[in-house]
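Analysis of the macromolecular model
Here is how the chains run, residue by residue.
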Amino acid sequence: MTETENKHDEIEALLAENRLFAPPTEFAASARVNSPEIYAEAAADLEGFWAKEAAQLDWFEPWHTVLDWQAPYAKWFDGGKINVSYNCLDRHVAAGRGDRVAFYWEGEPGDTRIITYKDLLEDVSRCANALKELGIQRGDVVAIYMPMIPELAVAMLACARIGAPHTVVFGGFSSASLSDRINDAHAKAVITADGGFRRGAPSGLKVNVDEALQTTPTIEKVLVVKRTGQDVDWVEGRDVWWHDLVPSQPADCPPEHMESEDMLYLLYTSGTTAKPKGILHTTGGYLTGVASTHRLVFDIKDDDVYWAAADIGWVTGHSYIVYGPLANGSTSVLYEGTPDYPAWDRWWDIVEKYKVTILYCAPTAIRAHMKQGPQFAQTHDLSSLRLLGSVGEPINPEAWIWYQKYIGQERCPVVDTWWQTETGMIMISPLPGLTVTKPGSATTPFPGIDADIFDHNGDPVETGGGYLVIKKPWPAMLRGIYGDPERYERTYWARFPGNYFPGDGARRDVDGYYWLMGRVDDVMNVSGHRLSTTEIESALVSHPAVAEAAVVGIPDDLTGEAIFSFVILKADVDGNGDLGAELRQHVGKVIGPIARPKSVMFTPDLPKTRSGKIMRRLLRDIAQNRPLGDTTTLADTSVVEAIRSSSAAASDDE
Ligand code: PRX
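Being a predicted model, the structure only gives us computed values, none of them experimental.

With that settled, the discussion passes to the site of the ligand. As a matter of local geometry, the ligand sits amid 16 residues, with Asp 416, Thr 417, Gln 420, Thr 421 and Asp 504 nearest to it. Here a nitrogen atom of the ligand and a backbone polar atom of Pro 394 are 3.3 Å apart. A distance of 2.7 Å separates a nitrogen atom of the ligand from a polar backbone atom of Thr 417. Notes on the ligand: free accessible area 550 Å², of which the protein chains cover 90%. Of all the secondary-structure elements, those providing two or more residues to the shell around the ligand are α11 (315–327), β20 (414–417) and β25 (514–519).

For the rest of this paragraph, the subject is the packing of aromatic side chains. For the coordinates displayed, the defined rule picks out 37 aromatic pairs. With 5.8 Å between their ring centres and 55° between their planes, Tyr 467 and Phe 496 make a pair best called tilted. Taken together, the residues Tyr 467 in strand β22 (residues 464–470) and Phe 496 in the loop between α16 (485–493) and β24 (504–508) connect sequence positions 29 residues apart. Of the two residues, Tyr 467 and Phe 496, both sit in the buried class. Members of the aromatic cluster, connected to one another through ring pairs, are Trp 69, Tyr 73, Trp 474, Tyr 488, Tyr 492, Trp 493 and Tyr 500. In this structure, Arg 113 is placed above the aromatic ring of Trp 105, and the distance from its NZ or CZ to the ring centre is 6.0 Å.

Moving on to the nonpolar core. With 140 residues, the main nonpolar core has Leu 120, Ile 144, Phe 298 and Tyr 323 as its most contacted residues. Looking at this core, the element that brings in the most residues is helix α6 (residues 150–162), giving 10 residues. Contacts of Tyr 323, omitting those with residues within four sequence positions, involve Val 84, Cys 88, Met 156, Leu 157, Ala 160, His 166, Leu 264, Tyr 265, Tyr 286, Leu 287, Val 290 and His 318. Within the second largest apolar cluster, 52 residues are counted, among which are Ala 309, Trp 347, Met 370 and Trp 402.

To continue, consider the domain arrangement of the protein. Once the domains are mapped, the protein shows domain 1 (113–256) and domain 2 (523–651). One C-alpha centre belongs to domain 1, the other to domain 2; they are set 40 Å apart.

What follows deals with the layout of surface pockets. Quantified by volume, the second largest pocket comes out at close to 350 Å³. Lining the second largest pocket are 16 residues; nearest its centre among them are Ala 43, Pro 445, Ile 449, Asp 450 and Ala 451. Looking at which element gives the most residues to the lining of the second largest pocket, the answer is helix α2 (residues 37–44), with 3 residues. For the lining of the second largest pocket, the residue count by class is 10 nonpolar, 3 polar and 3 charged.

This brings us to unusual backbone geometry. A cis amide bond, omega 0°, links Ala 71 with the succeeding residue Pro 72. With respect to the helices, strands and loops of the structure, Pro 72 is situated in the loop between β1 (65–70) and β2 (73–78). The omega torsion across Tyr 341 and Pro 342 is -5°, close enough to zero to call that bond cis. Assignment of secondary structure puts Pro 342 in the loop between β17 (331–335) and α12 (346–354). Positive phi values are uncommon outside glycine, yet His 186 reaches one of about 55°. With respect to the helices, strands and loops of the structure, His 186 is situated in the loop between α7 (175–185) and β8 (189–193). If you check the backbone angles, Arg 199 has positive phi at about 50° while not being a glycine.

Moving on: the side chain of Asp 210. Residue placement: Asp 210 occurs in helix α8 (residues 206–212). With relative accessibility at 15%, the residue Asp 210 sits in the buried group. Within the structure, the side chain of Asp 210 is placed 2.8 Å from the side chain of Lys 206, a separation counted as a polar contact. Apart from residues no more than four positions distant in its own chain, Asp 210 is found in contact with Asp 233, Arg 238 and Asp 239.

Rules used throughout
- Residues numbered from 1 in each chain as written.
- Predicted model: local features only at pLDDT ≥ 70, side-chain atom pairs only at ≥ 80, totals over all residues.
- Heavy atoms only, no water.
- Near = heavy atom within 4 Å.
- Polar contact = N/O pair within 3.5 Å; in protein donor to acceptor, adjacent residues only side chain to side chain.
- Areas by Shrake-Rupley, 256 points an atom, 1.4 Å probe, with all protein chains shown as cover.
- Helix = DSSP H or I, 4+ residues; strand = E, 2+ residues; numbered from the N terminus.
- Phe/Tyr/Trp six-rings, centres within 6.5 Å; stacked < 30°, edge-to-face > 60°.
- Buried < 20%, exposed > 50% of the residue type's maximum accessible area, 1.4 Å probe, protein only.
- Lys NZ or Arg CZ within 6 Å of the ring centre and 35° of its normal.
- Core = buried A, V, L, I, M, F, W, Y, C linked by side-chain atoms within 4.5 Å.
- Contact = heavy atoms within 4.5 Å.
- Domains from an automatic or database assignment.
- 1 Å grid on protein atoms, 1.4 Å probe; cavity = no way out; pocket = protein on both sides within 12 Å on 5 of 7 lines; lining within 4 Å.
- Points joined across faces, edges and corners; volume = space filled by probe spheres on them.
- Nonpolar A, V, L, I, M, F, W, Y, C, P; charged D, E, K, R; others polar.

Spelled out as structure tokens, the structure:
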């Protein structure tokens, strides 16, 4: 059976991508992993593999059981006692590495700070003591709602130090989203700032906190960093300035000895619909998973300057800006603002200035840069870069190639990393010194991760498309949805009992490589063929005029569903004439007539969540001229109007 002849219930795999990129010889020669035994070793003794990784951390007391698995509930390193902030800070300082830079921080207006491990340990200890003074004790939940300033990392680590789980709420969320999360988590305090800088202007945060707190009975204290200097309202007895309380605290605060399975944090994931889920992560296993994947996937060395250009408010920031890199004693860049301020070369300016060696970002950002053209990167010296990473969505092969060519200058391996808020750590990814990469494929599961692709009956699909599953527990896995075990079991474990179902479609090629195909909820059914959004979007993006594309299925009398596509053109392309028809034909040629969109609409923008994921649900509403459903997770509400007013450009010549 060929890949395209699957049973109709699976997702059909149509896109063939044949370009191969072997690790550059020099890179491979000095890489942390350059021989494949690690996969076999981990598969032969999964618990032994993770125990070895966990042993690289400092434990106050050893665990008695590596894994206790009562599906779907795992305990990792039970009996072990550990503190995350101790592992991220104290042990490096104790080893004589206190003068190493932990963060090169750059504010959007251009202000900078250099923070060493010793500085960070002292700041975290002071903040931890301040939290105690505010009445926060081990087990109390603290909400954090801040811009990308060093105090955000300090606040998280201070919570971890005293055993107070944090829940970081992304600074772009509204007051209503903040109060929902505070109430669900029963948070006792909020740490915030007066505001943050975004595209050159101060934008208020404290004002949203004040509004949120009208409906949050559990909050007792608000700790406020002065960042922008804008006017704020003040509630005496509740609100406390950071600069009045924190700097005067003792710079020493003994870390709590936490149980391995104590809660480290909650992170709410809204997805594109429904009530946000409080994803619960615990301590020892989580830190083991993120430290190990950070070290091996990014091939971290002592002289690296690592930059995850994401927001700490997302899981990428938790695992790969704060906990993973600090556990490994890395030097990182932390940037407050947007990539286009004051101009589209801001990122490349930062890479040049700090001699960044590893860059990790999202395909949505790569496509935005691609839309602007390579000239912004070309005016900067990017020769320090040696490795590139991608996360958050399927990366279209053409975006991958653009990234590899213009940013990596054909010198840097690209690691496309698949994972989720729920998985806590990278699950499917190349190891850059070992894996031959294929543009658009996240390649193979990380050592110790037992992934598979199932058909609708739960039988493995050797080659072809189906449902991605994880068959064995892993240390950084979520331990539940806070306060809702029934939803946890139903959402992730009911579809294929005993197996974790992340909700994504994927296909496996003849080499065993995984190609992520988007959320299974977005799969379209055209004339009985189940087609993934990702492949058709990638085919559109492979046309030289296209910067970004999104497709949805809309009801069709003839074919059941028909493909409706939204296309953002590159900055210098004019969408007049026959371009719509040309694009439809292009898709037909690249992946076959079945995948040819029925309609193409040119649009200046796409509706996205605040983490950059396309909201196809809203696009379905727009394509069918329906009133819009829930738009609360939409990053920019004006986008929808902009798309609707561009509907004249729709082409439909069949
Ligand atoms: O659909 C997958 C997509 O993003 C989802 C997880 O989103 P979130 O919890 O916000 O975490 C994002 C950062 C880890 C996944 O279910 N996704 C993430 N990375 C990739 C991806 N899809 C394809 N390829 C990826 N590399």
